[in-house]
Each structure stands twice: as C-alpha cells, then as structure tokens.
Amino acid sequence: MNRAPQGRILPREAGAAPLEVVIAVMAFLAALALGASLVADRAAESWRAGLSGRLTVQVLPPEHGSPEPALTNETSAALDILRATSGIVRANPLSQADTEKLVEPWLGAGAVVGDLPLPRLIDVTLFPGAQIDLPALTQKLARVAPDSILDDHTRWIARLQRLADALVWCAYGILALIALATASAVTFATRAGLEAHHDIVALLHQMGAQSGFIARAFEWHYLISALAAGAAGSAGAAGLFVAAGGLELAGIEPVPFLPPLTLHPMELVWLIAVPLGACAIAWATARLSVLAALRRIY
C-alpha cells in the first residue's frame, strides 16, 4: 500500500506527471520567446551601432552616355567635398568587388552582376557627436555630382527599431498567453486534487485545520512540481540556443540579414526567470484555487 510522504496532502506520485509535462512544455516555449526577445533587442542595438555616425553617398549611373567616365568624375568630386567637410573623419569609396558583395544576398553568390549598372558607393564616418548640416552638404554634392544621393540612415534605423520593437512585444504577448495557459492547467489540477482527496481535506477541516494550512500543503506541492518542470523546459531551450550558435561551425550558412540566433552567456542567465515565474504562477494559482474551493465547500 502506497502512502503519501509525511506533510503532504497530495502525493507527488499520484497524477503529478501530466501537469509537470504541461509545465515543462510551457516553460520551453516561454524560454524560446524570452530568448527571441533578447536576440531581437541585441540585433536592434547592433544595427543602431553599425549605422549611427555613418553616412553613405551613392553616385548613380547617368541615364545617357557612357557611365564609367561620369561615375568616376562625380565620385572624385563628391570625395573632395566630403573630405573638406568639418565633422567627417574619413570618406572612402567602395570597390566594385565590395559593391557586388553587398547585392550578393539578393542576387545569389553565383549571379553575374558585372553588366549591371551598379552605383558607386562612398562610406563616410563622422566624428563622435558631430553635427553635420545635411541639407547644405546635399546641395554641395548636387552641384558637383548631380547623380549623387546622400543617405544618413535615419529612415533605416527607425524601420529596424520598429521591427525589433514589434518582435519584442510579440514575444511578451506570447509569454502572457503561456502564463495564462499555465495558470489554467494548475487551476484544473488543483481542483482535481481537491476532489480526489476530498475525504482527507474534510477530515482535516473537522479536526480544526484552517483553510490556509490546507492551501499551503497544495501550493507547496505545485510549487515543487513547477520548479522541476520549469527548470527542465528552460534547460531544453537554453540547449537549443547554444546549439544554434554551432550551426555555422557545422557548415550551415547563416541566413543573410538575420542576427545570430544564439544567446550570450549573460543572456542565458535571463532564462532562469522562466522556472521562477512558473513557480510564482503555480504557487499563486494553487493557493487561490484551494481557498476559493474551500470557501464554497465550507
């Protein structure tokens, strides 16, 4: 005959496994969502750092005439203007090979781009904190290089930031739904446990046990279950993120423009919040469910 361990009303071996599996799966999904939000936030910061303090000048091929002499002359004139502008550290033209490498993710590595009318690109680096009069600089460039376009990346930075923010808020929404589903599962399991152990609960109540004492026995049981299951689910997600960092070493090429899907060691620490959150949800849900049920019964 199996006996419940001393101090427990709801034996751990009686019907605990299905709930623990549910919590482990929920914790795994929650850790993935949390990790995705960290990756998106890190990517946005990297994009901002890479584009801030930089300008790009495009010299477009002319619509008529031979493009090569015109491109060379306008690029040289634009470089003279940029290098004479206060606040600019350096202005370097990109080689044809570098330009072709930039369009490679769209056209593919084997695409023939030699005959395409690619623009000449000039990479401009600013002094930290320098304030450049962009309208005036644009007008100067237009006088000597009519086919040039000055881009300060503000529009791209704003769009990338909005994309990262949307991904982060989607992850938070997923976390909220997972928390709701976990609370619902614990509520159902708590009510089932109360029903299964109705005789023991009634006996304790007749012996003078307060509702808080009975609730503590149930909430402790679900807290331990949630901690173990949440830790297992989070560990699985952490292993998945670590494995994602080794894909390139295994010969799998990363997707262009997407940030690395791995998490840094300090970011992995944040995944500890998932089992802790599962414990808090299980504890609060079990306590409130037991107290509400006992109030209805007694």
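Structure: see above.
All of the points below concern the structure found in this document.

### Brief notes about the overall build of the chain
For the chain, the helix and strand inventory stands at 9 helices and 4 strands. The linear arrangement of helices and strands in the chain, starting from the amino end, is α-β-α-β-α-β-α-β-α-α-α-α-α. Here the chain, with 298 residues, has 35% of them falling under the buried criterion. Accessible area for the chain stands at about 17,700 Å²; split by element, carbon and sulfur atoms hold 64% of it.

### Topic: the nonpolar core
Among the nonpolar cores identified, the biggest contains 20 residues, and Leu 19, Ile 23, Val 186, Phe 218, Tyr 222 and Val 290 are the most heavily contacted of them. Residue assignment for this core shows that the elements contributing at least two residues are α1 (16-51), α5 (154-196), α7 (211-245) and α9 (273-297). Here the element with the most residues in this core is α9; it accounts for 7 residues. Apart from residues lying up to four places away in sequence, Val 290 is in contact with Thr 190, Leu 194, Ile 214, Ala 215 and Phe 218.

### Digging into the sheet that holds strand β4 (residues 148-151)
Spatially, β2-β3-β1-β4 is the arrangement adopted by the 4 strands of the open sheet, whose pairing is antiparallel. Each edge of the open sheet carries a strand with a single partner, namely β2 (88-93) and β4. Averaged over all pairs of adjacent strands, the angle between their axes in this sheet comes to 20°, without regard to strand direction. Inspection of the sheet shows β2 paired to strand β3 (residues 120-126) by 5 bridges, in the antiparallel sense. The residue of β3 that forms the bridge with Asn 92 is Asp 123. Along the sheet, helix α4 (residues 134-144) makes contact with β1 (54-59) and β4, crossing β4 at roughly 165°.

### Considering the packing of aromatic side chains
A full pass over the atoms with the stated rule returns 1 aromatic pair. For the ring pair Trp 169 and Tyr 172, a centre distance of 5.6 Å and an interplane angle of 90° mean the geometry is edge-to-face. Of this pair, Trp 169 and Tyr 172 both sit in helix α5, 3 residues apart, which is roughly one turn of the helix. Overall, Trp 169 belongs to the exposed group, its relative accessible area being 61%. A cation over an aromatic ring shows up here: Arg 155 above the ring of Trp 156, its NZ or CZ 5.0 Å from the ring centre.

### Considering the pattern of salt bridges
A full pass over the atoms with the stated rule returns 3 salt bridges. A salt bridge links Glu 267 to Arg 42; the shortest N-O distance between them is 2.8 Å. Of this pair, Glu 267 sits in helix α8 (residues 265-268) while Arg 42 is found in helix α1, placing the two residues 225 residues apart along the sequence. Assigned by exposure class, Glu 267 and Arg 42 land together as buried. Among the salt bridges present, the one from Asp 123 reaches Arg 54, with a minimum N-O distance of 2.5 Å. Here the residue Asp 123 occupies a position in strand β3, and Arg 54 occupies one in strand β1, the gap between them amounting to 69 residues. For Asp 123, a relative accessible area of 23% corresponds to the partly exposed category. Judged by relative accessible area, Arg 54 falls into the partly exposed class, the value being 29%.

### Focus on unusual backbone geometry
Residues other than glycine seldom take positive phi values, yet His 153 does so here, at roughly 70°. In this structure, His 153 sits in the loop between β4 and α5. On the basis of relative accessible area, His 153 is assigned to the buried category, the value being 9%.

Calculation criteria
Think of each chain on its own: its residues are numbered from 1, step by step along the sequence as written. Given that the model is predicted, a residue must reach a pLDDT of at least 70 before its local features are reported, and side-chain atom pairs must reach 80 or more before they are shown or counted; all residues, however, enter totals for whole chains, interfaces and linings. Side-chain metrics rest on all non-hydrogen atoms present in the structure, leaving aside hydrogens and water. Helix and strand labels come from DSSP, where a helix needs a run of H or I of at least four residues and a strand needs a run of E of at least two; each type is numbered from the N terminus. Between buried and exposed lies partly exposed: a residue is buried under 20% and exposed over 50% of the maximum accessible area for its type, with that area taken using a 1.4 Å probe on protein chains only. In short, Shrake-Rupley with a 1.4 Å probe defines the accessible areas, and a residue's cover is counted only from the protein chains shown. As used here, the term nonpolar core means buried Ala, Val, Leu, Ile, Met, Phe, Trp, Tyr and Cys residues forming a set that is joined through side-chain atoms within 4.5 Å. The criterion used for residue contact is that any of the two residues' heavy atoms lie within 4.5 Å. DSSP bridges decide pairing: two strands pair if at least two such bridges lie between them. Between N-to-C directions, angles cover 0 to 180 degrees, with each direction set by a line fitted to C-alpha atoms, over the stretch in contact for helices. Pairing of aromatic rings covers Phe, Tyr and Trp, the last through its six-membered ring, and needs centres within 6.5 Å; plane angles under 30 degrees mean stacked, over 60 mean edge-to-face, and all others mean tilted. Put simply, a charge is over a ring when the Lys NZ or the Arg CZ is close to the ring centre, within 6 Å, and near the line of the ring normal, within 35 degrees. In the sections that follow, a salt bridge refers to a side-chain nitrogen of Lys or Arg positioned within 4 Å of a carboxyl oxygen of Asp or Glu.

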